[in-house]
Amino acid sequence: MRKPTLLSVVAATTAALTLAACSTGTATTGSSSSSSSSSSSSAKPGGAGGDVGVFTWWAAGSEKKGLDALEALFKQKYPNDHFVNLAVAGGAGSNAKAKLASDLANNQPPDSFQGHAGAELTDYIAKGQIEPVNGIVDELGGESVFPKDLLGRLTVKGNIYSVPSNIHRANVVWVNPAVTKKAGITAAPKDMASWIEDMKKLKNAGVNTPLTIGGTWTQVQLLETVLISDLGPEKYAGLFDGSTAWDSAEVKKAAADFKTLLTFTNTASDGDDWPAATDMVIDGKAAYNVMGDWAVAEFADKGKKDGTDYTYFPVPGTDGVFDFLADSFTLPKGAKNPEGTKDWLRLIGSPEGQKAFNLAKGSIPARTDVPASDFPPYQQSAMASFKKDKIVSSIAHGAAVNLAWLSDISTAVSKFYASKDDATLVKDLAAAAKKNQA
Amino acid sequence: MRKAKTWLPGFLLVLPSMILVGLFVYWLIAKNVFTSLQRSTNFVTDKVVNPGGYHNYTQLLGSGDYQHALMNLLVLTVVFMVGTMVMGLLWAVLLEKGVGAEGVFRSVYLFPMAVSFIAAGVVWRWLLSPAQGDGAIGLNQLFIKLHLDGLQSSWWSSPSRFSMAAMAIPAIWQLSGYVMALFLAGFRGISEDQREAARIDGASEWKIYRHVLFPQLSPIALSALIILGHMSMKMFDLIYVIAGPNSYKAAVPTTMMWTQLFAQSNPQAAAVNATILLIIVAVVVVPYLVTTSRSERSR
Amino acid sequence: MSSSVLTEEAIPASTVQHGAPGTRGSAGTRAVRYALLVAFVLLVLLPLYVLLVTSFKPSADISADTAWSLPHRLSVEGWGHAWQTLSPPLLRSLILAVSVAVISSVLGAMNGFVFARWTFPGAQVVFTLFLFGMFIPYQAVMIPLQAMFLQMQDTAPFVDGIVKLIIAHCIYGIPICSLIFRNYYATAVPREILEAAKVDGAGMLRVLRSVVLPISAPAFVVAMIWQFTSAWNDFLFALFLTTRNNGPVTYALNELAGGQNPDYSSIMAGVLIASLPTLLVYILLGRYFIGGLMSGSVK
């Protein structure tokens, strides 16, 4: 043990502090836990008991309703366990994730936390902060009930690290038909160019805000759908494995289109969340909002009717593409109540859990054996699309890129929102890729 | 020279604090500097993130995002310091001759100081909403209701390079009362005879302020500037609440450090950032402390 | 200067007689002065107005268009919800702030006495080093501090949540408290008494107990108020060192306010609830509070 002079003085009086300061170098891994790679232990009827603290960024709106539904079901199925809601507010989890990273760094993991399936989880896996949950997934039915595509995105080196709860689609335009009617627009635009034409018509018809946006992450999400539209699904997917250059002509065109789209929007501040933007469409103040399909619950909440009060279509130019993200739950290393966590994961992955949760949240189940007929029209259509569409991964929601890369992309977009300089945006995006791409 | 027997008990009494301050301030600063010089690679891609040594510093100083954050900090600091000093001095001048209900005015002006930046930030986030016209809320909406539409602004979200000036508004709101209290005490410390003497000499009220009173307040003004300056450098809570830590528009080194540390898993860059911040503060504060300390010894 | 502030009314009243003829300018300037003072009062209270009216609106009545209007119907549902969410962290904040106030003022009294009246060789340098610790941006120690607490936790699991914050605030409060007490003792404890005691052969501890402590109350009040408020209002340490389950009220308030579809009446009520203790302290003990502020800067 190193003992600098200063500390030899210290040692005399504050032994505990000295211990803390001197024993540098040893990496802090979580306190030991049952880290067998198959974390299956037979479920105890009524639950293992104890507190189960679950970290999510579902603090309000339809997401909170979904979580509440799960909580109710959890209480019913596992009466011994005590659910502790650790939801942290902040859209798409951008704040929440930093706070989670801080808590994990402080060795204060929750019993389970929400993570987007895909690249985002690799951070936690590489840092050794989460445990494999193959046992639970197998117990739930494995590949026979979860889509292979999805499990593939959750698997690293043969281990599955989280239990998926739901699937969302990010490339959806939500429309207030009463507003588009003012400009005589009745059909969905076929591509980006005709969509922009429609927005011009709306402006001319006196609609000040054809398109709404919220804070930075909603803009990243809008940009990603423009990228899919202008690049097509294959080249878009290539952005993440290095086969498509981030400064290619198509990306430049997408950046220019993105810039044009932003001329039709409201003024947002970086911290704004999505419901305000969706509400502008609901309230007839705006025509379009590009938002993940969790927005459907927002429309339902306000008593709006699918097909008459609101309509939806894939972002123009992305028809037949499913811009995908999935939420999933983990078993953190050092969780205080791993058996309780497993109860929670079992509930999340069960058909009843998935139905209760997704009905409330507006997403579609990750399991394929939940009958579609139980769901309202939008979700039925999304379930059908998920089966036949090309699946691509969302940037804004951590499916395509890890946290560090996403953070760089977000900075670039936040910067662009202020400068409106699309050449710099492309340059920054390319630099972010260079820095973070494997 | 006094005997050790006399001073030793005093030394022993302060020793625990010396150890704690030494450990928690100076030792941790040293550890932070050490972290800032480490080489690091991306744990997923194995690419070099921080080359190590002083290159870590040149890398951060060379980054456009960091320069932008420094620029924001400069704008914030200048507007905050000038605004707070002007406001505080103005209030003190208005109050210093004694007005009825002075205690009420004083308390009202000072009350924001008792409120946390977090609590204040929650209100100001709403007040400084950028939307104008139809969808306006917050201050912009108030302006419309008062038929002062021209005053609307996108505040810190505006595209201007100096938009950070708007972030100083809540900070000015919080600390002007503090500066007022300082100046008021300063004014009250000056004997009335000096003013009378100047008046007899035929000096105007303005001239009395300019030549008799203000010069005597300069030590207070200096202390106030130091306090405000270092608060501004450290400002984090307010921006975290109002703009969120990931905003490019409102980025300052302290918020950037949070992002570096936890969104980008880059503790080395965060440590570099924090060290530079410490140096900036030290450049201002150390001369002040040393001068004060010398003048006290000579007293 | 600050030392005198501690013993008497923080800001001495104006020496000028109100309305004494010929001194306070014409009725015109008086009217202007009052008009300005009242206008500033309105500006300062603007955020408070928003807080109050919004907190008493039923959430159904809250809409962007009527944000500035008085509530049609009064409702305390926002207050109820905010209280429910915030009461556990409020209790933690109370434990935090009270412990920090007590512990750090005791440390401050010990140090302040030594620095003022029982110095040892090098005391001035130590004191200056302490003072620098008051100005450092805590970001510069935060990364190693997190790690240090983590390691302490391995051996002493109770070092968690509020305990971490108590340790941090007590230690980082040593400089300001030492300053407050040093400045106080420098004027309040006459050298002669000490010399006499030394001649009598009284030890330092006896002097401290029988001579110094009995007259220390004013400085304790100031230091305790100062530490209470800064521990209560802190967010930075809370964010880095605690979680939602064991953090103080500032952290919980930020959580409450950060939601989507924000419930404005509970947020605004939450801001008021979270600010109430410091506001109360400040209203009840306001003049000492001002004294505390002053001693932090004016020396």
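Residues numbered from 1 in each chain as written. Chains lettered and ligands numbered in written order. Predicted model: local features only at pLDDT ≥ 70, side-chain atom pairs only at ≥ 80, totals over all residues. Heavy atoms only, no water.

(A) Looking closely at the overall build of chain B. Across its full length, chain B holds twelve helices and two strands. Here chain B holds 299 residues, and the buried ones make up 61% of them. Pairs at least 24 apart in sequence give 66% of the contacts found in chain B among residues at least 6 apart. Total accessible area on chain B stands at roughly 11500 Å², and carbon and sulfur atoms take up 67% of it. (Helix = DSSP H or I, 4+ residues; strand = E, 2+ residues; numbered from the N terminus. Buried < 20%, exposed > 50% of the residue type's maximum accessible area, 1.4 Å probe, protein only. Contact = heavy atoms within 4.5 Å. Areas by Shrake-Rupley, 256 points an atom, 1.4 Å probe, with all protein chains shown as cover.)

(B) Representation of the interface of chain C and chain B in the model. Contact residues are listed per partner, giving 95 residues for chain C and 96 residues for chain B. Taken together, both faces of the contact between chain C and chain B bury some 9000 Å²; the carbon and sulfur share is 75%. Across the contact surface, chain C and chain B share zero salt bridges. For the pair chain C and chain B, the interface holds 16 residue pairs in polar contact (both at pLDDT 80 or more). At 15 residues, helix α2 (residues 27-55) of chain C tops the list of elements feeding residues into the side of chain C that touches chain B. (Buried area = accessible area lost by both parts, 1.4 Å probe. Salt bridge = Lys/Arg side-chain N within 4 Å of Asp/Glu carboxyl O. Polar contact = N/O pair within 3.5 Å; in protein donor to acceptor, adjacent residues only side chain to side chain.)

(C) Local environment of the pattern of salt bridges. Applying the stated criterion across every chain, the model contains 31 salt bridges over all chains. Here Asp389 of chain A ties to Arg169 of chain A by a salt bridge, and the two come within 3.5 Å at their closest N and O atoms. Here Arg169 of chain A lies in strand β7 (residues 163-169) and Asp389 of chain A lies in the loop between α16 (377-388) and β15 (390-393), a separation of 220 residues in the sequence. For Arg169 of chain A, a relative accessible area of 6% gives the class buried. Salt-bridge contacts for Glu197 of chain A lead to Lys200 of chain A; the nearest nitrogen and oxygen are separated by 3.5 Å. Taken together, the residues span about one helical turn, with Glu197 of chain A and Lys200 of chain A both in helix α9 (residues 192-204) at a distance of three residues. When its relative accessible area of 41% is taken as the criterion, Glu197 of chain A is described as partly exposed. Connected via shared salt-bridge partners are Glu96, Lys97, Glu192, Arg195, Glu196, Arg199 and Glu205 of chain B.

(D) Region of the structure containing the confidence of the model for chain C. All names here are of chain C. The predicted model of chain C averages 84 in pLDDT, with 86% of residues at 70 or higher. When pLDDT is averaged over each element of chain C, helix α6 (residues 162-172) comes out on top at 96 and helix α1 (residues 2-7) at the bottom at 34. Note on residues 1-9: pLDDT under 50 across the span, and 21 contacts to partners over four residues away in sequence or across chains. Segment residues 17-23 is flagged for pLDDT under 50; beyond a separation of four residues in sequence, or across chains, it makes three contacts in the model. (pLDDT = per-residue confidence, 0-100.)

(E) Just unusual backbone geometry, in detail. If you check the backbone angles, Lys157 of chain A has positive phi at about 50° while not being a glycine. Within the element layout of this structure, Lys157 of chain A appears in the loop between β5 (155-156) and β6 (159-160). Taking relative accessible area as the criterion, Lys157 of chain A reaches 84% and is therefore assigned exposed. In this structure, His147 of chain B takes a positive phi of about 60° despite not being glycine. By the element assignment, His147 of chain B lies in the loop between α6 (138-145) and α7 (168-188). By relative accessible area, which is 70% here, His147 of chain B ends up exposed.

(F) Structural view of the packing of helix α5 (residues 117-127) of chain B against α7 of chain B. Residues and elements named next belong to chain B. The contact between α5 and α7 brings their axes to 10 Å, and the two run at 135°. If you check the angle between α5 and α7, you find them oblique. Crossing of α5 against α7: the hand is right-handed. Note on element contacts: α7 touches α5 through Ile169, Pro170, Trp173, Gln174 and Leu175, opposite Phe117, Ala120 and Trp124. Along the lines of polarity and charge, the residues of the contact of α5 with α7 split into seven nonpolar, one polar and no charged. (Axes fitted to C-alpha atoms, helices over the stretch in contact; angles between N-to-C directions. Parallel < 35°, antiparallel > 145°, perpendicular 65-115°, else oblique. Left-handed = near helix turned anticlockwise from the far one by under 90°. Nonpolar A, V, L, I, M, F, W, Y, C, P; charged D, E, K, R; others polar.)

(G) A look at the packing of aromatic side chains. All names here are of chain A. For the structure on display, the rule yields 59 aromatic pairs over all chains. Aromatic side chains Phe329 and Trp344 sit 5.6 Å apart centroid to centroid with 85° between the ring planes, which places their arrangement in the edge-to-face category. Note that Phe329 is positioned in strand β12 (residues 321-329) and Trp344 in helix α14 (residues 338-349), a separation of 15 residues in sequence. With relative accessibility at 0%, the residue Phe329 sits in the buried group. (Phe/Tyr/Trp six-rings, centres within 6.5 Å; stacked < 30°, edge-to-face > 60°.)

(H) The arrangement of α6 of chain B in detail. Counting buried positions along α6 of chain B gives six out of eight residues, so the element sits mostly inside the fold. Residues of α6 of chain B that are buried include every one of Gly138, Leu139, Asn140, Gln141, Leu142 and Phe143 of chain B, and no others. Here the buried face of α6 of chain B lies against α5 of chain B together with α2 of chain C.

(I) Structural view of a nonpolar patch on the surface. All names here are of chain C. A cluster of nonpolar side chains, contributed by Leu91, Leu94, Ile95, Val98, Val102, Ile103, Val106 and Met224, occupies part of the molecular surface with about 630 Å² of accessible area. Here the nonpolar patch gets seven residues from one element, more than from any other, and that element is helix α3 (residues 77-117). In this structure, Ile95 sits in helix α3. You can call Ile95 partly exposed: its relative accessible area is 45%. (Patch = residues over 30% accessible without salt bridge, like charges linked within 9 Å, V, L, I, M, F, W, Y side chains within 5 Å.)

(J) Inspection of the sheet that holds strand β10 (residues 286-290) of chain A at higher detail. Residues and elements named next belong to chain A. With mixed pairing, four strands are arranged side by side in an open sheet as β9-β10-β8-β11. Lying at the two open borders of the sheet, with one neighbouring strand each, are β9 (209-212) and β11 (311-314). Along the sheet, successive strands turn relative to each other by an average axial angle of 20°, direction set aside. Of the strand pairs in this sheet, β9 and β10 are connected by three bridges, and their pairing is parallel. Note on β10: the bridge partner recorded for Thr209 is Ala286. Packed onto the sheet, α9 meets β8 (172-175), β9, β10 and β11 and runs at close to 150° relative to β10. Set on the sheet, helix α12 (residues 274-282) makes contact with β8, β9 and β10; between it and β10 the angle comes to about 145°. (Pairing = 2+ DSSP bridges.)

(K) Structural view of the packing of helix α2 (residues 55-62) of chain B against helix α3 (residues 64-96) of chain B. All names here are of chain B. Running from N to C, α2 and α3 cross one another at 70°; their axes reach a closest spacing of 5 Å. In terms of axis orientation, α2 runs roughly perpendicular to α3. Contacts between α2 and α3 involve Leu60, Leu61 and Gly62 from the former and Gly64, Tyr66 and Gln67 from the latter.

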